[in-house]
Protein chains: 2
Amino acid sequence: MSILKGAAVIGQSGGPSSVINASAYGAIKTALDSDVITNVYGMCNGIRGLLDDNLIDMAKEDPDELALMKYTPSSALGSCRYKLKDPDEDDTDYKTILEMFKKYDIRYFFYNGGNDSMDTCNKISKFMLKNGYECRCMGIPKTIDNDLAGTDHCPGFASAAKYIATSVMEVYHDSRVYDTGMITIMECMGRHAGWLTASAALANVGGNGPDLIYVPEVDFDLDSFTAKVKEIYARQKKCFVVVSEGIHDKEGTFIAEYANKNMAKDSFGHAQLGGTAAFLANYIKEQTGAKVRGIELSLLQRCAAHCASQTDIDESFASGKAAVDNAIAGVTDKMVGFECTRENGKYTCNIKLFPLTIVANTEKKLPLEWINETGDGINQGFIDYALPLIQGETKLTKENGLPRFVHLKKIKAEPKA
Amino acid sequence: MSILKGAAVIGQSGGPSSVINASAYGAIKTALDSDVITNVYGMCNGIRGLLDDNLIDMAKEDPDELALMKYTPSSALGSCRYKLKDPDEDDTDYKTILEMFKKYDIRYFFYNGGNDSMDTCNKISKFMLKNGYECRCMGIPKTIDNDLAGTDHCPGFASAAKYIATSVMEVYHDSRVYDTGMITIMECMGRHAGWLTASAALANVGGNGPDLIYVPEVDFDLDSFTAKVKEIYARQKKCFVVVSEGIHDKEGTFIAEYANKNMAKDSFGHAQLGGTAAFLANYIKEQTGAKVRGIELSLLQRCAAHCASQTDIDESFASGKAAVDNAIAGVTDKMVGFECTRENGKYTCNIKLFPLTIVANTEKKLPLEWINETGDGINQGFIDYALPLIQGETKLTKENGLPRFVHLKKIKAEPKA
């Protein structure tokens, strides 16, 4: 193993999660503690910060304050949605990045994000290798969508799942207080994969879960859905449905588009945009005459740090730490992931490294065998998979009865003289 | 003081809250422990349960399971929205209630709810007095709306406030990750009073709060609002607004009605209903071209027991207990409320009894001096008032990483032979 002295840079990219900062903090703290890594820089707003020479010096943060990152939602360094071009077509950005690497003596590159971020990390890694610049590039996963290939699960998913299942249980109770009829339709994120929506099924473990769950892995049929809701409603006067934002019919048209496609304008001339739950709630209201509530969990589900899974927080921290430890040990061009066992109710989780090439730009869907035969519910297989991940309550610090989130000073980095 | 032996009945009414069961449990446990109260009955779905002879025997519940009521949201006994008629016009219901009182030897009537529930409690109390049936009727307050007269605050408000402030802080972080522009408009409950919406200002204590807050106590002007959002957005690329569902213009038209009034139908022929946040988000999107998110906290804010204030839970329990203790001691025709001091940052809360007549059917609004001069923000006066109420984290039992809510057996009550 060759010792590679130099600075490290870390960036965050894509949509935030409750625990992406726990991963970043795992990497930052490990890098700050290392004798090999000379400086630790944070990119402001992901790769854009590197391209624009907008880096901050992580060593200048107060260590106790910095430690609050572990429990702060969203991306503390700032995020971006910037896709690097194919270097064979346009290598301008890559050349800028190489200049920045040289300017700050960066030998360690850590990128914390989802599919697109792994693609960015992969491209930079390959470019540096091709150009003979010695450095180590590691991907640190993050996505509430849980759709990264290879790894058992993704940091961020479990906390969102815990929040969704908890909220489903609470709304279940709320929707059943009156002896009059009530239909509830809740919408979770997930454009292409049903992982988050499936996690509503965890609420059934305690017997407070939904009657119907619809995920994008199965074509959605509005008539069949309506018939099922009517049948359940007639039988028990209540019906609780959870749907993915990305459910679509067999032609591939999103259900959310049904409302928008032929939609008229309101008095101000604006299109009335509505989500999937809003559309379905209106539709079912017309079809049944029942009281119907559409609830969209919206951004809440990806930033509810107060309801995060401590297992998720600890694993996220561990993934950031493993990225740095492995890079120092000579590993490059890999994403840190998890390999887990769940035998006889005992859960184990170990770090495993995956080649960036197999992770980048592929999407892992919810396995079809975890969806029931009628395509409107989730099986025990998913429960056994997900339940261990949501264990443990966050150790988030509270101040004045409210979360105490990190405030970074963000002092601009100076290259070594 | 005369000792009045007999059974007690308790019911819950109106919209639920995170802690209404803590109040009910305070009353039920105290009644079960009493030597004077011979039986403790629960009304299934409020006063409807009493009218329909649908009572459950609380003594038949397992005490450990029953204790979980303290941390279970929504109304465990079931609720109703049933308004008793004026007894001078139609006393049918009152006669039925009197028969039920006699059948079960009920001498203690406890009713747990908001304005309408205090009205019900008041009417029954007066009817029994007029008809010479000795009994004691006590109101136990509950409302997230915090609009009951007399009492310093209402059980349920603080937990909803804590959830709202926490969610605002989390969404604040989420909405600031990108360096691109973003406008967020969040909607809280509150048709006539702005208490819940004002609680978003608590997020400012930690510096993660909204830029603008609009409550129904002030007329809302769409043009002025738009100008302010544009100005803030131009200056800082982000703008976070929190509005009450009940904001209205100076003619009294709800802003939510703007979207619905002249609204066209979609392809299915359904009116596209949207909330206040949805309407404002669409409007601002058109006006600014910015990325805008409308988020409606919907039912979540009134049932988020996982984020309840332990102060609220303890005070709710105490109010239920005080209702029973006082009734046994001879008090009747009163609502239990709170008298509080907040001197030099020290908060004290004592039980105080209020005549049901002054509580019933009046609404306490947010004091105007707690709203800023421009009508778009909340002053320190409100922070000083509300901050002590949201202190303390719920001691909610978790099972499998999720809340463990009560499961009542609900065994039908039998009158004594």
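None of the values given here were measured: they were computed from a predicted structure.

### Details of the overall build of chain A
No. 1: From N to C terminus, chain A includes 14 helices and 13 strands.
No. 2: In summary, chain A has a C-alpha radius of gyration of 23 Å against a globular reference of 22 Å for 417 residues, a match within 12%.
No. 3: On the principal axes, the C-alpha backbone points of chain A span a range of 75 × 45 × 45 Å.
No. 4: Classification of the 417 residues of chain A by burial places 63% in the buried group.
No. 5: The long-range fraction of contacts in chain A, counting pairs at least 24 apart against all pairs at least 6 apart in sequence, stands at 78%.

### A word on the interface of chain B and chain A
No. 1: Chain B puts 75 residues into the contact, and the matching count from chain A is 74 residues.
No. 2: Inspection of the chain B/chain A interface yields four salt bridges.
No. 3: Close ionic contact of Glu393(B) with Lys398(A) constitutes a salt bridge, the shortest N to O distance being 2.8 Å.
No. 4: Viewed at the interface, chain A and chain B are joined by 29 residue pairs in polar contact (both at pLDDT 80 or more).

### Side note on the packing of aromatic side chains
All names here are of chain B.
No. 1: According to the stated counting rule, one finds 38 aromatic pairs over all chains in the structure shown.
No. 2: Aromatic side chains Trp-195 and Phe-382 sit 6.5 Å apart centroid to centroid with 45 degrees between the ring planes, which places their arrangement in the tilted category. Here Trp-195 is found in helix α7 (residues 195-198), whereas its partner Phe-382 is found in helix α14 (residues 380-386), with 187 residues between them in sequence.
No. 3: Classification of Trp-195 by relative accessible area gives buried; the value is 2%.
No. 4: Residues Trp-370 and Phe-382 carry aromatic rings whose centres are separated by 6.2 Å and whose planes lie at 70 degrees to one another, so their mutual orientation is edge-to-face. Here Trp-370, found in the loop between α13 (356-359) and α14, pairs with Phe-382, found in helix α14; they are 12 residues apart in sequence, far enough to count as distant.
No. 5: Residue Trp-370 is classed as buried on the basis of its relative accessible area, which comes to 17%.

### Here's the deal with the confidence of the model for chain A
Residue and element names in this part refer to chain A.
No. 1: Of all residues in chain A, 96% have pLDDT values of 70 or greater, and the mean over the chain is 94.
No. 2: Low pLDDT, under 50, characterises residues 262-273; the predicted model gives this stretch 34 contacts beyond four residues in sequence or across chains.
No. 3: Quick note on the complex model: pTM equals 0.96, ipTM equals 0.95.

### Section: helix α1 (residues 20-33) of chain B
Residues and elements named next belong to chain B.
No. 1: With 14 residues, α1 ought to run about 20 Å at 1.5 Å a step, and its terminal C-alpha atoms sit 20 Å apart, in line with that.
No. 2: In terms of residue burial, α1 counts as a mostly covered element, since 11 of its 14 residues are buried.
No. 3: Those residues of α1 lying buried are Ile-20, Asn-21, Ala-22, Ser-23, Ala-24, Tyr-25, Gly-26, Ala-27, Ile-28, Thr-30 and Ala-31.
No. 4: At its buried positions, α1 is contacted by β1 (6-12), β2 (37-43), α3 (63-67), β4 (106-113), β5 (136-141) and α12 (310-328).

### Some words on the sheet that holds strand β3 (residues 55-57) of chain B
Residue and element names in this part refer to chain B.
No. 1: Strand order across the open sheet formed by seven strands is β3-β2-β1-β4-β5-β10-β11, with mixed pairing between neighbours. Two strands bound the open sheet, and with one partner strand each, they are β3 and β11 (346-355). Across this sheet, the average inter-strand angle for adjacent strands is 30 degrees, counted without regard to direction.
No. 2: Inspection of the sheet shows β1 paired to β2 by four bridges, in the parallel sense. Bridge pairing links Val-9 to Tyr-41 in β2.
No. 3: With respect to the sheet, α1 is in contact with β1, β2, β4 and β5, its orientation differing from that of β1 by roughly 175 degrees.
No. 4: Packing against the sheet, α12 makes contact with β2, β4, β5, β10 (334-343) and β11, and its axis sits at approximately 170 degrees to β5.

### As for the pairing of strand β6 (residues 182-188) of chain B
Residues and elements named next belong to chain B.
No. 1: By the criterion of burial, β6 is predominantly enclosed, with seven of the seven residues buried.
No. 2: Here β6 runs beside strand β9 (residues 292-296); their pairing, made up of five bridges, is parallel. Among the inter-strand pairings, Thr-184 is bridged to a residue of β9, identified as Arg-293.

### A closer look at the state of the cysteines
No. 1: In this structure the tally under the stated criterion is zero disulfides over all chains.
No. 2: Here Cys80(A) stays unpaired: no disulfide links it, and the sulfur of Cys44(A), its closest cysteine neighbor, is 11 Å away.

### Topic: the pattern of salt bridges
Side-chain pairs of opposite charge can arise whenever the charged atoms involved come near each other.
All names here are of chain A.
No. 1: Tallying each qualifying case throughout the model produces 46 salt bridges over all chains.
No. 2: With a shortest N-O distance of 2.9 Å, Asp-119 and Lys-123 are connected by a salt bridge. Linking Asp-119 with Lys-123, this pair stays in helix α5 (residues 115-130), spanning four residues, or about one helical turn. As far as burial versus exposure is concerned, Asp-119 and Lys-123 are alike and both buried.
No. 3: The shortest N-O distance in the salt bridge between Lys-126 and Asp-333 comes to 2.9 Å. Of this pair, Lys-126 sits in helix α5 while Asp-333 sits in the loop between α12 (310-328) and β10 (334-343), and the two are 207 residues apart along the sequence.

### Notes on the relation of the copies chain B and chain A
No. 1: In the superposition of chain B on chain A (RMSD 0.0 Å, axial shift 0.0 Å), the rotation amounts to 180 degrees. Taken together, these values place the two copies in the relation of a two-fold axis.
No. 2: Of the interface residues in chain B, 99% have counterparts in chain A that sit at the interface too, so the contact is made through matching surfaces.

### Brief notes about the nonpolar core
No. 1: In this structure, Leu202(A), Phe382(A), Leu202(B) and Phe382(B) are the most contacted members of the largest nonpolar core, which totals 110 residues.
No. 2: Residues in contact with Leu202(A), not counting those within four places in the same chain, are Ala161(A), Ala165(A), Phe382(A), Ile383(A), Ala386(A), Leu387(A), Ile390(A) and Leu402(B).

### With respect to the packing of α1(B) against α12(B)
Residue and element names in this part refer to chain B.
No. 1: It is at 7 Å that the axes of α1 and α12 come closest, and there the two elements cross at 40 degrees. As the angle between them shows, α1 and α12 are arranged oblique. For the element pair α1 and α12, the recorded crossing hand is right-handed. Between α1 and α12, the contacting residues are Ala-22, Ser-23, Tyr-25, Gly-26, Ala-27, Lys-29, Thr-30 and Ala-31 on the first element and Ile-313, Ser-316, Phe-317, Ser-319, Gly-320, Lys-321, Val-324 and Asp-325 on the second.
No. 2: Its residues assigned to classes, the contact of α1 with α12 comprises seven nonpolar, six polar and three charged.

### Some details on the sheet that holds strand β5 (residues 136-141) of chain A
Residue and element names in this part refer to chain A.
No. 1: Here seven strands make up an open sheet; going across it, the order is β3-β2-β1-β4-β5-β10-β11 and the pairing mixed. What marks the edges here is a single partner per strand, and that holds for β3 (55-57) and β11 (346-355). Geometrically, the sheet is characterised by an average inter-axis angle of 30 degrees between neighbouring strands, direction not taken into account.
No. 2: Relative to β10, β5 runs parallel, the two sharing two bridges. Note that in β10 the partner of Gly-139 across the bridge is Met-335.

### Overview of the pairing of β5(B)
Residues and elements named next belong to chain B.
No. 1: Within β5, six of the six residues are buried, which leaves the element mostly enclosed by the surrounding structure.
No. 2: Taking every second residue as pointing to the same face, both faces of β5 are buried, with Arg-136, Met-138 and Ile-140 on one and Cys-137, Gly-139 and Pro-141 on the other.
No. 3: Pairing of β4 with β5 involves six bridges; the strand directions are parallel. Bridge pairing in β5 links Tyr-111 to Gly-139.
No. 4: Viewed along the sheet, the connection from β4 through helix α5 (residues 115-130) into β5 turns out right-handed.

What counts as what
- Residues numbered from 1 in each chain as written.
- Chains lettered and ligands numbered in written order.
- Predicted model: local features only at pLDDT ≥ 70, side-chain atom pairs only at ≥ 80, totals over all residues.
- Heavy atoms only, no water.
- Helix = DSSP H or I, 4+ residues; strand = E, 2+ residues; numbered from the N terminus.
- Rg over C-alpha atoms; globule rule 2.2 N^0.38 Å.
- Buried < 20%, exposed > 50% of the residue type's maximum accessible area, 1.4 Å probe, protein only.
- Contact = heavy atoms within 4.5 Å.
- Salt bridge = Lys/Arg side-chain N within 4 Å of Asp/Glu carboxyl O.
- Polar contact = N/O pair within 3.5 Å; in protein donor to acceptor, adjacent residues only side chain to side chain.
- Phe/Tyr/Trp six-rings, centres within 6.5 Å; stacked < 30°, edge-to-face > 60°.
- pLDDT = per-residue confidence, 0-100.
- Expected span 1.5 Å × (residues − 1).
- Pairing = 2+ DSSP bridges.
- Axes fitted to C-alpha atoms, helices over the stretch in contact; angles between N-to-C directions.
- Disulfide = S-S within 2.5 Å.
- Least-squares fit on C-alpha atoms with pLDDT ≥ 70 in both.
- Core = buried A, V, L, I, M, F, W, Y, C linked by side-chain atoms within 4.5 Å.
- Parallel < 35°, antiparallel > 145°, perpendicular 65-115°, else oblique.
- Left-handed = near helix turned anticlockwise from the far one by under 90°.
- Nonpolar A, V, L, I, M, F, W, Y, C, P; charged D, E, K, R; others polar.
- Right-handed = clockwise from strand over helix to strand, strands pointing away.

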